[in-house]
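Single-letter residue listing:
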Amino acid sequence: MRDVVIIGAGQGGLQAAMSLRQDGFEGTITLIGAEPGLPYQRPPLSKAYLKSGDAGALQLRPESFFESKQITLVEGTWVDSIDREARRVHAADRVFSYDHLILATGTRNLRPPIPGAELALDLRTREDAARLRAALDRPMRCAVIGGGFIGLEFAAVARALGHEVTVAEAAPRLMARAVSPETSARFLAMHRDMGTRVHLGDPVCEVREDGISLASGTRIEADLVLMAAGVIPNTELATAAGLAVDNGVVVDAQLLTTDPAISVLGDCAVFPDPATGRPVRLESVQAATDHARLISKRLTGKADAPYAAVPWFWSDQADCKLQIAGLAGAGDCSVTREDGATFRFAGERLSAVETVNDARTHMQSRKRLAGAPVLRSALEAAGFDMAGV
Amino acid sequence: MVKVTYVAADGTRTEVDAAVGSNVMQTALDNDVDGIVGECGGAMMCATCHCYVDEGWTEATGTRRDGEDDMLDCAADEVKPVSRLSCQIKLTEELDGLVVHLPEEQV
Ligand SMILES: Cc1cc2nc3c(=O)[nH]c(=O)nc-3n(C[C@H](O)[C@H](O)[C@H](O)COP(=O)(O)OP(=O)(O)OC[C@H]3O[C@@H](n4cnc5c(N)ncnc54)[C@H](O)[C@@H]3O)c2cc1C
Ligand code: FES
C-alpha cells in the first residue's frame, strides 16, 4: 500500500495520520480538511477557550510536525466526491489517488426546521467559538437551545461570566441521551443554583431577533441565541459513493466499509458496540482516536483484532467534572451510590458508570469494563465498590 | 522563556524553549517532541501525558494534583514515585532547566 488519503482533518483524521507514521507506514499520507488552518481540538471550545480565548492552546500539533512526519495537510479544501472504481477523490479541480481511504468527516450542527433558526449561533468550529466569545464581551441575555453537553457547558461558562442564561430543552430532562435520570437531576439542580433558568419538555418553536419562543407559549428575551440541539453526521460523500449509511457510515468491527479500500472513524462512523454488537455512533475524542489507532494497526499489519475499546467521555460544567465510563442504552436502569456515583445496568450487566469529580471510580470503571462483564449481583455484593468486583 | 529537556525512553534528549505559563505536555506537542500524546488536551482525563520527573527536579515540580494519582493508575507504562501527568506541571521561572523522562508507552 502506497497512498493513504484521509478526508476530514479533525481530531480523528489527524490521529490516523499520526498513528500510521508511528506504526511505521512509509507511503504518502494526505490529510484533506475543509476548515482553514491547522487541525485543532474541539472540547475546549465550550470550556477553557470560551473563558481564556487562548486559540493557540487549541492547536493539536504545530506546523513543523506535518513536515517532519511527512503528512501532507491540504487545508481549506472540501472534497466533493469519491470515485471508488478509480480510487480517487475529487476536490474542485484537484484529484487525489488512494490505495486506502479513511473517512473522518465528523458531524455538523443540526438546524431544526423552525422559523428563524438561521438567526441562532453555532458552537462546533473554532470560528463559531471565536464569534461567541466576542459576543460575550458585553453583558448578554443568552438563550441556549438544547440541554446537552455543549449547550450546558456553554451555559455554565456564560453564567459564570455574569451573563443571564436560559436553557430550553425539548426532552423532559438534561443530557437525556447520555446520562441517567439521577445525573440529569443533579446537573439540573447545579445549573439552577448558578442562576440559570432551565425549561424542560418545552421545545423551541421559533427564533426571533429578540429571543426565542417555546411550544408552551413562553417567550424568552435574548440578545444571543445558541443552537446546541445536536448534530448530524457528514455522510453525503459516502452515500453518493454507494456506501451503506444509517445515521452514519456503516462499518464492521474492523471499521471497514463493504469496500475493503475504505475505512471510517470518529463521529461519522456507525460501528458495532463491542459490548452489545448493536450499531452505535459516538461523538467523543476517545472514539475518534481509538478508531484511528485500530485502523492504523490494521493497515500496517500490526494487529487485526476487532474494535473493543471501552467508551469514555467527560464534560466540565462549572466546578463539576462529569465522567462517563462505558455506554448505557436509553432504557438502562440505574443505581446511585451514596456519594453520587451512578451505575447503569443493561439487564444484569453493568453498562456504564457516571461520576462527578471522582477520577478514582471513573478510572477503576474504565479498567474493569475492559474485562469480563460485571454483573449487578456481584457489584451489589461488593457494596458498589468497583475495586471489589 | 525557560528550558525543558525531554529524555525519550531510548535516551534521546531534546531541549526546547518553553513559555512560562504553558505546561510540560503542551510544550512537548508544540515542539514536536515524540513520546507524549496528550489526548484530552490537558483535561486530566486520559493519562497519555505520563512522564517521570528527573530526580533532581521533583521538589521544584511539587506534588501531584488532586485526582492525578487516580488517573496515573491507568497509565500505560509503569508508575513510579516520580510519575506525573505532564499536563499538570505548569512551567514557572523556577522550572528553568527542568528535565523529564518519557515512558515507552502512552496508550
Ligand atoms: C464544543 C464541543 C465540545 C466538545 N467536548 C467534548 C468533550 O468534552 N469530550 C469529548 O470526548 N468530546 C467532545 N466533543 C466531541 C469531539 O470534539 C468529537 O467527537 C471529535 O472532534 C470527533 O472527531 P472527528 O475527527 O470524528 O470529527 P471532527 O473533529 O468533527 O472533524 C471532522 C472534520 O472533517 C471536515 N470535513 C467534513 N466533510 C468534509 C469534506 N467533504 N471535505 C473535507 N473536509 C470535510 C470537517 O470540516 C471537520 O473539520 C466536543 C465537540 C464540540 C463541538
Ligand atoms: S493530557 Fe490528558 S491527562 Fe494530561
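All figures in this text were calculated on a predicted structure; none of them were measured in a lab. (Residues numbered from 1 in each chain as written. Chains lettered and ligands numbered in written order. Predicted model: local features only at pLDDT ≥ 70, side-chain atom pairs only at ≥ 80, totals over all residues. Heavy atoms only, no water.)

K.L.:
Help me out: how do you make sense of the site of ligand 1 in this one?
P.N.:
Residue and element names in this part refer to chain A. In the vicinity of ligand 1, 32 residues are found, and the nearest of them are Gly-12, Glu-35, Lys-47, Arg-124 and Asp-267. Contacts to ligand 1 include Ala-34, whose backbone N or O atom sits 3.0 Å from a nitrogen atom. With respect to ligand 1, the side chain of Arg-42 contributes an N or O atom lying 3.1 Å from an oxygen atom. Alone, ligand 1 offers 1,000 Å² of accessible surface; in the complex the protein occludes 96% of this. Taken together, the elements giving at least two residues each to the shell around ligand 1 come down to α1 (11-22), α8 (285-299) and β21 (312-317). Per-element tally for the shell around ligand 1: the top contributor is α1, with 3 residues. Split into classes, the residues belonging to the shell around ligand 1 amount to 13 nonpolar, 13 polar and 6 charged. (Near = heavy atom within 4 Å. Polar contact = N/O pair within 3.5 Å; in protein donor to acceptor, adjacent residues only side chain to side chain. Areas by Shrake-Rupley, 256 points an atom, 1.4 Å probe, with all protein chains shown as cover. Helix = DSSP H or I, 4+ residues; strand = E, 2+ residues; numbered from the N terminus. Nonpolar A, V, L, I, M, F, W, Y, C, P; charged D, E, K, R; others polar.)

K.L.:
Would you explain the nonpolar core in this entry?
P.N.:
Within soluble globular proteins, side chains that are nonpolar generally end up buried alongside one another. Residues and elements named next belong to chain A. Within the largest apolar cluster, 52 residues are counted, with the highest numbers of intra-cluster contacts made by Ile-6, Ile-7, Ile-82, Val-89, Leu-101 and Leu-103. Sequence-distant contacts of Val-89, that is, excluding residues within four places in its chain, are made with Val-5, Ile-7, Ile-32, Val-79, Ser-81, Ile-82, Arg-94, Val-95, Phe-96, Tyr-98 and Leu-101. Ranked by size, the runner-up nonpolar core spans 35 residues in total, among them Leu-45, Leu-58, Ala-129 and Val-179. (Core = buried A, V, L, I, M, F, W, Y, C linked by side-chain atoms within 4.5 Å. Buried < 20%, exposed > 50% of the residue type's maximum accessible area, 1.4 Å probe, protein only. Contact = heavy atoms within 4.5 Å.)

K.L.:
What am I meant to see in the packing of aromatic side chains here?
P.N.:
How two aromatic rings sit relative to each other is given by the distance of their centres and the angle of their planes. Residues and elements named next belong to chain A. Summed over the entire model, instances satisfying the criterion amount to 6 aromatic pairs over all chains. Ring geometry for Phe-65 against Phe-66: centres 5.7 Å apart, planes inclined by 85°, an arrangement best described as edge-to-face. Judged on exposure class, the residue Phe-65 and its partner Phe-66 are both buried. Feature note: the residues Phe-343, Phe-345 and Phe-384 constitute an aromatic cluster, connected by ring pairs. Over the aromatic face of Trp-312 sits the side chain of Arg-366, whose NZ or CZ is 4.0 Å from the ring centroid. Over the aromatic face of Phe-345 sits the side chain of Arg-376, whose NZ or CZ is 4.9 Å from the ring centroid. (Phe/Tyr/Trp six-rings, centres within 6.5 Å; stacked < 30°, edge-to-face > 60°. Lys NZ or Arg CZ within 6 Å of the ring centre and 35° of its normal.)

K.L.:
In this structure, what is going on with the sheet that holds strand β20 (residues 279-280) of chain A? I would like to understand it.
P.N.:
Where strands meet in a sheet, backbone hydrogen bonds hold them as pairs that are either parallel or antiparallel. Residues and elements named next belong to chain A. Sheet architecture is open: 3 strands sit in the order β17-β19-β20, paired in mixed fashion. Of all strands in the sheet, those bounded by a partner on one side alone are β17 (249-250) and β20. Sheet analysis places strand β19 (residues 269-272) next to β20, joined by 2 bridges and oriented antiparallel. Each residue of the ladder has a partner; that of Phe-271, found in β20, is Val-280. (Pairing = 2+ DSSP bridges.)

K.L.:
Quick question: what am I supposed to make of the pattern of salt bridges here?
P.N.:
Two side chains with opposite charge may pair up if their charged atoms get near one another. Evaluated as defined, the whole model comprises 24 salt bridges over all chains. Of the charged contacts in the structure, one is a salt bridge between Arg-111 of chain A and Asp-122 of chain A, with a shortest N-O distance of 2.8 Å. Here Arg-111 of chain A is found in the loop between β8 (107-109) and α4 (126-135), whereas its partner Asp-122 of chain A is found in the loop between β8 and α4, with 11 residues between them in sequence. For Arg-111 of chain A, a relative accessible area of 32% corresponds to the partly exposed category. Beyond isolated ion pairs, a larger network of salt bridges with shared partners links Asp-290 and Arg-293 of chain A together with Glu-39 of chain B. (Salt bridge = Lys/Arg side-chain N within 4 Å of Asp/Glu carboxyl O.)

K.L.:
Hey, could you run me through the interface of chain A and chain B in this one?
P.N.:
Often, the extent of an interface is quoted as the loss of accessible area upon association of its parts. Listed per partner, the contact involves 26 residues of chain A and 20 residues of chain B. Of the roughly 1,800 Å² buried where chain A meets chain B, counting both sides, 50% is carbon and sulfur surface. Here chain A and chain B share 3 salt bridges between them. For the pair chain A and chain B, the interface holds 11 residue pairs in polar contact (both at pLDDT 80 or more). Only α3 (63-68), α8, β21, β22 (320-326) and α9 (359-369) of chain A provide two or more residues apiece to the side of chain A that touches chain B. Ranked by residues supplied to the side of chain A that touches chain B, first place goes to α9 of chain A with 6 residues. Looking at the side of chain A that touches chain B residue by residue, the classes come out as 10 nonpolar, 9 polar and 7 charged. (Buried area = accessible area lost by both parts, 1.4 Å probe.)

K.L.:
Just to check I follow, could you spell out the sheet that holds strand β11 (residues 197-199) of chain A for this structure?
P.N.:
All names here are of chain A. Read across the sheet, 4 strands follow the order β11-β10-β9-β15 without closing on themselves; strand pairing throughout is parallel. Looking at which strands have only one partner, the edges of the open sheet turn out to be β11 and β15 (224-227). Along the sheet, successive strands turn relative to each other by an average axial angle of 15°, direction set aside. Contacts from helix α5 (residues 149-160) reach β9 (141-145), β10 (164-168) and β15, with the element oriented near 165° to β10. (Axes fitted to C-alpha atoms, helices over the stretch in contact; angles between N-to-C directions.)

K.L.:
I'm lost on unusual backbone geometry in this one. Help?
P.N.:
Note on backbone geometry: most residues besides glycine have negative phi, and most peptide bonds are trans. The phi torsion at Asn-357 of chain A lies on the positive side, around 50°, for a residue other than glycine. Mapped onto the fold, Asn-357 of chain A is located in the loop between β25 (349-356) and α9. Phi angles above zero are rare outside glycine, and Asp-32 of chain B is one such case at about 65°.

Honestly, that's just the spatial picture; any functional story needs more than this.
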